[in-house]
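# Working through the structure, step by step
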Amino acid sequence: MKFKNLHLILFGILLQISAFAQKDELLHYLPENANFVLHLNLGKLSKKISWDEITQMDFFGMISKKASEKAKTFINQPGETGIDFSAGIYFVFKMAPTGNNDGETKDDSNLMILAKMNDENLFMALVKNNAGKNSYIATRGQNHFMIEKGGAAAWNKSVAMLTISTGKKSGNKLSKKEIKGIEKQLTAMISPAKNNFYTQDTRYQQLVTQDPDIAIWSDGTLGKLGGMKKNPFAALNLGLTNNDGFKATAINFENGKIISTNSNWISDSLAQVMSAILSKHYNKHLLNKLPAGNPLMFMSFSMDMEKMGAYLEQSGISEKLNSMLEKDSIRLSDFRGALEGDFMIAVNIPDKATAPNEETGPPTISGMQFYFVATVKDEDKMNKLIATVNKQVEKAKEKKNKDWDDEMDPAIVDTTINDNDEIPPPVVIDTLPPEVEMEGDTDTYRQHPSSPFNNMKPVMLNEDGLFIFSFSQEAVDAYKNNLGNSNFSELNKNYGASPMLMSIDLKTIMGFALGKGPKTSSGNEDEERMNQFFNSFDKMVIYGGDVEGNRLNSNFEVLFSDPEVNSLKQIMKMFGLVFQSIEADKKKTSSN
C-alpha cells in the first residue's frame, strides 16, 4: 500500500469532522500490551479551527499538491474514505522486545492507527486503489486484509485498522508462512474484547472522562526507543518518580494557551513519601520580593527538608551525594540543618536595564541578575555553611586563574594618544610569545589578558531568615530591600496552592536568540517569517507537584502572544510559516 498517500488523506480529514461520540467503542479494540496510546478528539479539535481556515493556508496547498489525484479526492471528500471519525482516531505504539534468549536484538516495533468504520466497501476501494503491486489482499468471512512488507490493513463493518512496522525488512514479497501468521494476528486485533484494560482500569478512565482534545497514555517505557537504554536525565528527579509507572497527559487548546495536565502513577510507598515531602505550598513571599523588571525565568518550590533528608538516606542517594560533597568539606546534613525548605531561583532583567523594544532591541546579557533565595532555619549553621562554600569558591577561582595564566600568551596592547590628547582603553592588536622583544620607541607594550574568573564575585547574605545569593551586591540589596512585587499577584492567585511554580519568558529569550527585539523588522522575508514564528510565543508556565492517592500531578501551560485567538489556530499559522521557509529554501537551491 502507498502509505504516504494514505497519511496525507488522514491528515486532510483529521480536523474536518464535527461530531463527537459519547461512547467510545474503539476502547474494546485497543491491545492490552500497548506501550503508548494517543487519542485525537476530532470532534473537539474541529471546533477550534474550521476546515475552510485550513484549506486557505499556504501550507495546505503545498501538502495537497504532492498527493496523488485519488488522494486529493479523498482529502476533499473525506466521507468517501468509508471511515467514521466521530469517535476520533487512535495512534497506538507497541515496542518490540529488546532481545531474546540468544542475546540477539529485534526491531519489530509497530504503530497501529485505529478508527471506526462507517462503510467497509468505500474503505476497501481506498485500500485497493493505493495498494502496492506486491500486496496480498484477502477476505475471510466478515474480515478483510491487505498485507505487504512494512505494513498491513484490516477492517470489517465495525473497525478499520492500519499497522506500520518500524522493523528493518528486506525484499518485496512475504512468504506464505509470514502472510498466514500476520493474518492471524490481524484477526485478533480487529476482534473486540468484551472487557480489557482500557475499559476497566480506573486510571485510564480518569483520563477519558476529562474529555481532552488530545489524550496520551504511556506505560513509561517509551524512553527506550532508538536504542536509548538509559535516560540521561533520569538522575535529575533523584529517583522521586517511578520511570516504569503509567503516565497520562490531557492536552487542551484554549484561547491564547495550550494546557497540558499530567499524571504519573507511583507506588503506594513512594506516594506516601512524596506527599509528605511535597506537603507545603511554594513560598509566595520569596517570589514577591523579586525586584521589578522582566523575569526571564523563575522557579519557586517548597519541601519538607527533614522528610526529604530521610528519604535520601533511605534510598541511598545521600551516600552518593555526600561522596561528591565531602571533598569540599560539605555534607548533605549541613543543608538539611540550615535550611527551612522554601526556595526561589530567578534570572531577572531589572527595570533600569534596557527592555526589548523596537528602537533599542533586546536587553544585554550584562544587565541580567541571577538570584538563589532560600528560607533559613538555623542562622549559625547557615553562616558556617556559607564560610565553607566561600572558601571552596576562592580555591576554585585560584585554580581557574592559574589554568588561564598557563594557557594565555602575552598580548600587544595599543595605547597611542589620540587627537584629543586622551589615552583610550587598551586594545589588543596582536599576540606574541614571551621571548619576542619589543622594538624601537613605541607606545605599544605587551600585556597579559586578565582572567575572566577574577570578575566573578558571588555575594551571599544570611539575614532576617533569608539566604540570598547573587553575583552582585547591588542585586542582593535590591532583593533584600524590596517590599513587594505586584506583578506576581495573578500568578500567585492562580497557582499558589502548588508546591512548585516555574515560568519561562519564551518571547524575550527567543528575542535574544534572534539578536533583535520582538518587533524589529529587517525587510528580509526569511527573517520576517522567523520573527513571526518566534514572536507568536509568550511564556511557559509549569506548576504542580502535589500528590493525590498514588498519583503525582504536574501541569504545563504554553501562552501565546495573542490571548484572543485559539492556540490551535496560532500553531497552524506557525506551521504554515515553516512550510513557507522550506519552499523558499527549495527555490533558492533550484535557482543556484
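In this text, all values refer to a predicted model and were calculated from it rather than measured experimentally. (Residues numbered from 1 in each chain as written. Predicted model: local features only at pLDDT ≥ 70, side-chain atom pairs only at ≥ 80, totals over all residues. Heavy atoms only, no water.)

### Comments concerning the overall build of the protein
- Along its length, the protein carries 20 helices and 22 strands.
- Each of the 592 residues in the protein was classed as buried or not, and the buried ones make up 43%.
- Counting contacts in the protein only where the partners sit at least 6 residues apart, residues at least 24 apart contribute 73% of the total.
- Put simply, the protein shows about 32000 Å² of open surface, and 53% of that area lies on carbon and sulfur atoms. (Helix = DSSP H or I, 4+ residues; strand = E, 2+ residues; numbered from the N terminus. Buried < 20%, exposed > 50% of the residue type's maximum accessible area, 1.4 Å probe, protein only. Contact = heavy atoms within 4.5 Å. Areas by Shrake-Rupley, 256 points an atom, 1.4 Å probe, with all protein chains shown as cover.)

### Some words on unusual backbone geometry
- If you check the backbone angles, D211 has positive phi at about 50° while not being a glycine.
- With respect to the helices and strands, D211 occurs in the loop between α9 (202–209) and β9 (214–218).
- Residues other than glycine seldom take positive phi values, yet D464 does so here, at roughly 55°.
- Structurally, the position occupied by D464 is in the loop between β18 (459–463) and β19 (466–470).

### Focus on the side chain of S46
- Among the secondary structure elements, S46 is positioned in helix α2 (residues 42–48).
- S46 gets classed as buried once you look at its relative accessible area, which sits at 12%.

### Points about the nonpolar core
- Ranked by size, the top nonpolar core spans 45 residues in total, and within it L40, F123, W155, I214, F253 and F537 carry the most contacts.
- In this structure, A34, V92, V159 and L207 belong to the second largest nonpolar core, which totals 30 residues. (Core = buried A, V, L, I, M, F, W, Y, C linked by side-chain atoms within 4.5 Å.)

### Structural notes on the side chain of T249
- Of note, T249 is situated in strand β10 (residues 247–254).
- A polar contact of 3.1 Å, which involves the side chain of T249, links it to the side chain of N262.
- Non-local contacts of T249, meaning those with residues more than four positions away in its chain, are made with L207, I214, A215, I216, S260, T261 and N262. (Polar contact = N/O pair within 3.5 Å; in protein donor to acceptor, adjacent residues only side chain to side chain.)

### Considerations on the packing of aromatic side chains
- Within this structure, the stated rule accounts for 19 aromatic pairs.
- Where F123 meets W155, the ring centres are 5.3 Å apart and the plane angle is 70°; that geometry is what we call edge-to-face. A residue pair is termed long-range when its members are at least 10 positions apart, and F123 in helix α6 (residues 120–130) and W155 in strand β7 (residues 151–155) qualify at 32 residues. By the burial criterion, F123 is buried, and W155 matches it.
- Both rings, one in F469 and one in F471, keep their centres 5.3 Å apart while their planes meet at 75°; by these two values the pair is edge-to-face.
- In this structure F471 comes out as partly exposed when scored by relative accessible area, which is 43%.
- One aromatic cluster is present, built from ring pairs that chain together F197, Y198, Y204, W217, F246 and W265. (Phe/Tyr/Trp six-rings, centres within 6.5 Å; stacked < 30°, edge-to-face > 60°.)

### Section: the confidence of the model for the protein
- Averaged over every residue, the pLDDT of the protein is 76; the share at 70 or more is 70%.
- When pLDDT is averaged over each element of the protein, β10 comes out on top at 95 and strand β16 (residues 427–431) at the bottom at 47.
- Below pLDDT 50 for its whole length, residues 99–107 participates in 11 contacts with residues either more than four positions away or in separate chains.
- When the criterion is pLDDT under 50, residues 434–441 qualifies, and its contacts beyond four places in sequence or with other chains add up to 7 contacts. (pLDDT = per-residue confidence, 0-100.)

### Structural notes on helix α12 (residues 305–315)
- Along α12, the residues that are buried comprise M305, M308, G309, Y311 and L312. Down the axis of α12, the buried set is contained in an arc of 160°. They therefore lie on one face. Looking at α12, the residues exposed on the side facing more than 90 degrees away from the buried face are E313 and Q314.
- The N-terminus of α12 is capped by D304, whose side-chain oxygen sits 3.1 Å from the backbone nitrogen of E306. (Arc of directions from axis to C-beta.)

### Considering the pattern of salt bridges
- The final tally for this structure, using the stated rule, is 12 salt bridges.
- Close ionic contact of E306 with R336 constitutes a salt bridge, the shortest N to O distance being 3.4 Å. Within this pair, whereas E306 is found in helix α12, its partner R336 is found in helix α14 (residues 332–338), the two being separated by 30 residues in sequence.
- As a salt-bridge pair, K377 and E306 come within 3.3 Å of each other at their nearest N and O atoms. Of this pair, K377 sits in the loop between β14 (369–376) and α15 (379–407) while E306 sits in helix α12; the two residues are 71 residues apart in sequence, bridging distant segments of the chain.
- A residue is classified by how much of its surface remains accessible, and E306, at 39% relative accessible area, is partly exposed.
- Sharing partners across several salt bridges, the network here consists of K44, K48 and D213. (Salt bridge = Lys/Arg side-chain N within 4 Å of Asp/Glu carboxyl O.)

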